[in-house]
Amino acid sequence: MPGLSGVLETCLYVEDLDRASRFYEEVLGLRRIEGDDRLRAFSVADRDVLLLFKIGASNRPASIAGQTIPPHDGRGPDHFALAIPAAELLAWEEHLAAHGVAIESRVRWARGGTSLYFRDPDGNLGELATPGLWEIY
């Protein structure tokens, strides 16, 4: 069987692309690598990509570089998790609070990891997770 090397993209569907982009850039510190009036792509630790799609903008095929991407348009809220070092958990909690982002839940996992749960401006559930959440992380 051919192997997989990781999750490349996570897609979220948002009402206001500019507002969501500001949240992911200013609050979570992601770097925008591409975008237009229908989607924005952000680098996550220079290994993964977070895609934000404007709701309704992807319900028809998209032509990019002469290729066609099938229609897709999610209906949230969705969930995403970002990996963080354990030593930065408190700093992230303080950073989110400084930006007015409420922590909905804090979970200590059996393997030793901790997750902080919060919402983005569109109600998507965000998670910041330290090592120990999964067997592989």
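Nothing here was measured: the structure is a model prediction, and the numbers come from that model. (Residues numbered from 1 in each chain as written. Predicted model: local features only at pLDDT ≥ 70, side-chain atom pairs only at ≥ 80, totals over all residues. Heavy atoms only, no water.)

(A) Region of interest: unusual backbone geometry. The phi dihedral of alanine 45 falls on the positive side, at around 55°, and the residue is not glycine. On the secondary structure map, alanine 45 appears in the loop between β3 (39-44) and β4 (48-54). (Helix = DSSP H or I, 4+ residues; strand = E, 2+ residues; numbered from the N terminus.)

(B) Here's a closer look at the packing of aromatic side chains. All chains considered together, the criterion is met by five aromatic pairs. Taken together, a centroid distance of 5.1 Å and an interplanar angle of 85° make the contact between phenylalanine 23 and tyrosine 24 edge-to-face. The residues phenylalanine 23 and tyrosine 24 share a single accessibility class, namely buried. Chaining the aromatic ring pairs together yields one cluster made of Phe23, Tyr24, Phe80 and Phe118. (Phe/Tyr/Trp six-rings, centres within 6.5 Å; stacked < 30°, edge-to-face > 60°. Buried < 20%, exposed > 50% of the residue type's maximum accessible area, 1.4 Å probe, protein only.)

(C) Here's a closer look at the environment of glycine 113. Among the secondary structure elements, glycine 113 is positioned in the loop between β8 (105-108) and β9 (114-119). Classification of glycine 113 by relative accessible area gives buried; the value is 0%. Counting along the chain gives 20 residues from glycine 113 to leucine 133, while the straight-line C-alpha distance between them is 4.7 Å. Non-local contacts of glycine 113, meaning those with residues more than four positions away in its chain, are made with Val107, Arg108, Thr130, Pro131, Gly132 and Leu133. (Contact = heavy atoms within 4.5 Å.)

(D) Main features of a nonpolar patch on the surface. Together, Trp134, Ile136 and Tyr137 make up an exposed nonpolar region whose accessible area comes to about 400 Å². Note that isoleucine 136 resides in the segment after β10 (125-129). On the basis of relative accessibility, which here comes to 79%, the residue isoleucine 136 falls in the exposed class. (Patch = residues over 30% accessible without salt bridge, like charges linked within 9 Å, V, L, I, M, F, W, Y side chains within 5 Å. Areas by Shrake-Rupley, 256 points an atom, 1.4 Å probe, with all protein chains shown as cover. Salt bridge = Lys/Arg side-chain N within 4 Å of Asp/Glu carboxyl O.)

(E) Just the side chain of aspartate 120, in detail. Tracing the backbone through its elements, the reader meets aspartate 120 in the loop between β9 and β10. Despite its burial, aspartate 120 pairs with no opposite charge, the nearest such side chain being arginine 19 at 6.7 Å. Polar contacts involving the side chain of aspartate 120 include one to the side chain of tyrosine 24, which spans 2.7 Å. (Lys, Arg positive; Asp, Glu negative; His and termini not counted. Polar contact = N/O pair within 3.5 Å; in protein donor to acceptor, adjacent residues only side chain to side chain.)

(F) How the structure looks around the side chain of aspartate 122. Looking at the element boundaries, aspartate 122 is found in the loop between β9 and β10. Reaching out from aspartate 122, the side chain makes a polar contact with the backbone nitrogen of glutamate 15 at a distance of 2.7 Å. Apart from the residues lying within four places of it in its own chain, the contact partners of aspartate 122 are Val14, Glu15, Asp16, Arg19 and Ala20.

(G) Here's a closer look at the sheet that holds β4. One open sheet holds the four strands; their spatial order is β1-β4-β3-β2, and the pairing between them is mixed. Each of the sheet's edge strands pairs with one partner strand only, and the pair in question is β1 (9-14) and β2 (31-35). Taking each pair of neighbouring strands and ignoring which way they run, the sheet shows an average axis angle of 25°. Inspection of the sheet shows β2 paired to β3 by four bridges, in the antiparallel sense. In the strand pairing of β3, arginine 31 is matched with serine 43. (Pairing = 2+ DSSP bridges. Axes fitted to C-alpha atoms, helices over the stretch in contact; angles between N-to-C directions.)

(H) Structural view of helix α1 (residues 17-27). Listed as buried for α1 are Leu17, Ala20, Ser21, Phe23, Tyr24 and Val27. Those residues of α1 that are buried lie in contact with β1, β3, β4, β7 (79-83), α2 (89-98) and β9. Positioned one or two residues after α1, glycine 29 has a phi angle of 75°, which is positive.

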